[in-house]
Amino acid sequence: MTTLELRHVNKHFGGLHVSRDITMGIEQGELTAIIGPNGAGKTTLFNEITGYITPDNGSILFDGVEITGAEPENLVKMGIVRAFQVASLFIDETVYDNIYLAALAFHGKNGNIFTNRQTYKDVAEHCHFILGRLGLSGKENLKAFELSHGDQKVLDIAIALTMKPKLLLLDEPTAGMSPDERVKMTRLIRAIHEEFQLTTVFVEHDMDMVFGIADIIRVLVHGELIAEGNAEEIQKNPAVIEAYLGHEVL
Amino acid sequence: MNNKLVTMAPWLAYFLIFGSLVFAGGDHTIHIASQVIILGLFAIAFNVLFGTTGLLSFGQAIFYGLGAYITGMMAKSFGGDFFVWALLIAPVAAITLSVLLGALSLRLSDVYFTMLTLAFAQLVWGICVKWSSFTGGDDGIQAIPKPELLAGGLNYYIFSFIIVTVCIYLLWRLDRSPFGAVLKGIRQNPTRISFIGLNVFRHKLLAYMISSGFTAVAGGLYAGIDKSIHPDMFVWTMSGSIILMTILGGMRSFFGPLIGVAIFILLEDVIGRSTQYWSFVIGAIMITVVLLFPKGVVGISRHFAGLFAKKGGQLDNP
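About the criteria used
- Residues numbered from 1 in each chain as written.
- Chains lettered and ligands numbered in written order.
- Predicted model: local features only at pLDDT ≥ 70, side-chain atom pairs only at ≥ 80, totals over all residues.
- Helix = DSSP H or I, 4+ residues; strand = E, 2+ residues; numbered from the N terminus.
- Rg over C-alpha atoms; globule rule 2.2 N^0.38 Å.
- Buried ≥ 20, exposed ≤ 12 C-beta atoms within 10 Å, placed from the backbone.
- Contact = placed C-beta atoms within 7 Å.
- Domains from an automatic or database assignment.
- Nonpolar A, V, L, I, M, F, W, Y, C, P; charged D, E, K, R; others polar.
- Pairing = 2+ DSSP bridges.

Visitor: Sorry, what's going on with the overall build of chain B here?
Guide: Regarding its fold elements, chain B presents 14 helices and 0 strands. The C-alpha radius of gyration of chain B comes to 20 Å, within 12% of the 20 Å expected for a compact globule of 318 residues. Taking all 318 residues of chain B together, the buried fraction comes to 46%. Pairs at least 24 residues apart make up 77% of the contacts formed inside chain B by residues separated by at least 6 positions.

Quick look at the structure:
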């Protein structure tokens, strides 16, 4: 079953054509990497899928339902959730409260004005589960700004996971991380992908990681989807070698 | 640490200070205290927008003035017994107006929002001054009648104290509620709020309505202190004073705005007795606080409390 389908999606920023007639179908349960040089339009593609910007034309379907131009908050409710290239956190709040806020939203408690927020047991359990699963237990009382860069990225993903996504989009999950943190993050992504039965799309520059864990790799160059396939196919694809890799990467 | 005690300490201080005045305060003190609690409510309600949600409205005087004029004009027209009812109608009217103004201004960001709220407030002030046949114009409205029971400074202070306390308690609950947590989230990262599935505009609008409603209650209560109201309650310096007092007290703390109001009014009273240049002195104090302690008076006390706590608290956090 196709979870996410893009049909002839185009987007211009002034004279710049950042999405060129992109058509692709992402199957349920797929772990997809989107790669491409800087400025290839990867983040723009994420922004279009998650409703942050609307494509000029073309359509985007989620589980067969047209979602082109829908607001981010409605897409989140449908199960499309993302993490950001620069971790997007509530920086003055504790780790726990970052997740708590997402859990409140997920459980629909956000409009409760005069109840004490500590009274929701289901929300608290949800938070502790996420904290434990992502290895943030013990850090829950630290403020988000006190975390290491790597942990901030993990917290960003934790917030996304709290929303129980069907489709999880990760924008450069290992950007700026130490080699150690990269390995951990790579394992984490593979693990949560299976455990939470997600369809996962991630943008990445680290080729070891991409070839290591992605089921399918899609290559964007100058806004155009030039290739898709598994690691072996991509590494041997002449167009990819020509336009992006420059030389065979093995 | 005794968490409950820490949360309740400000309330304890609040009741000790403002409650004891009922028994110990002279006429002048009661008059000052009435102003402090009423403007304190205004400032705390304002801070729901400013310190909590990160929205700097420069036009909250619009709802303060509206509350005062609705209460004053109704009591004047229908008699003193209507005063208390008018106090209930004032917030309803303010909330209605806030939906309209909020829908127009809250989609704008930062400085544009601030400017538009300022423009609305000045517009209403202009109407209030010019439409003298209805509003009394520059002179405002004098000799506003009140019910027998509320005559006299002390009785009115007790009445105001009860209403203000209930309002502040409700706002305190809001500050600690899920909705309050969302508002703080909006201040820090509105984009993330959208991406956890929440509509930023709707939450902002609700905050704006709530803030405006409580502000109108404060305005309505003010109409009863001196039994007179004037168009200056709408003017931008009124909104500006509340912003200053909130910053002085500390906008990141729930009771900070009330503390700021108390300090401001006390200084005005004490310094005003000895020099006509009191506003110069207050200005100098403001600049000092803002430059040295951007977190306000509450920030100063937390700073020193922090220094003190570090000496003994090492064992808990090695």
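The structure having been displayed, the exposition proceeds.
Visitor: What am I meant to see in the interface of chain B and chain A here?
Guide: Interfaces are often sized by the accessible area lost when the parts come together. Of the residues lining the interface, 20 residues belong to chain B; the matching set on chain A comes to 25 residues. Within the residue set of the side of chain B that touches chain A, elements represented by two or more residues are helix 7 (153–175), helix 8 (178–188) and helix 9 (190–194) of chain B. It is helix 8 of chain B that provides the largest number of residues to the side of chain B that touches chain A, a total of 6 residues.

Visitor: When you look at unusual backbone geometry in this model, what are you seeing that I'm missing?
Guide: A negative phi holds for most residues other than glycine; trans holds for most peptide bonds. The backbone of Glu172(A) shows a phi angle near 50 degrees, a positive value even though the residue is not glycine. By secondary structure assignment, the location of Glu172(A) is in the loop between strand 7 (167–171) and helix 6 (179–195).

Visitor: Even after reading the chapter, I still don't get the domain arrangement of chain A, so can you show me in this structure?
Guide: Residues and elements named next belong to chain A. Annotation of chain A at the domain level lists domain 1 (1–79 + 168–250) and domain 2 (91–164). The distance between the C-alpha centroids of domain 1 and domain 2 comes to 26 Å. Each partner contributes to the interface: domain 1 provides 11 residues, whereas domain 2 provides 7 residues. Among the secondary structure elements, those contributing two or more residues to the side of domain 1 that touches domain 2 are strand 7 and helix 6. Top element by residues in the side of domain 1 that touches domain 2 is helix 6. It accounts for 3 residues. Of the residues that constitute the side of domain 1 that touches domain 2, the class distribution is 8 nonpolar, 2 polar and 1 charged.

Visitor: Help me understand the pairing of strand 3 (residues 31–35) of chain A in this model?
Guide: Every regular strand shows the same layout, with side chains that alternate between the two sheet faces. All names here are of chain A. Counting buried positions along strand 3 yields 4 of 5 residues, so the element is predominantly enclosed. Bridge count between strand 3 and strand 8 (residues 199–203): 4 bridges; the pairing is parallel. Each residue of the ladder has a partner; that of Leu-31, found in strand 8, is Thr-200. Examined bridge by bridge, strand 3 and strand 9 (residues 216–221) share 4 bridges and lie parallel to one another.

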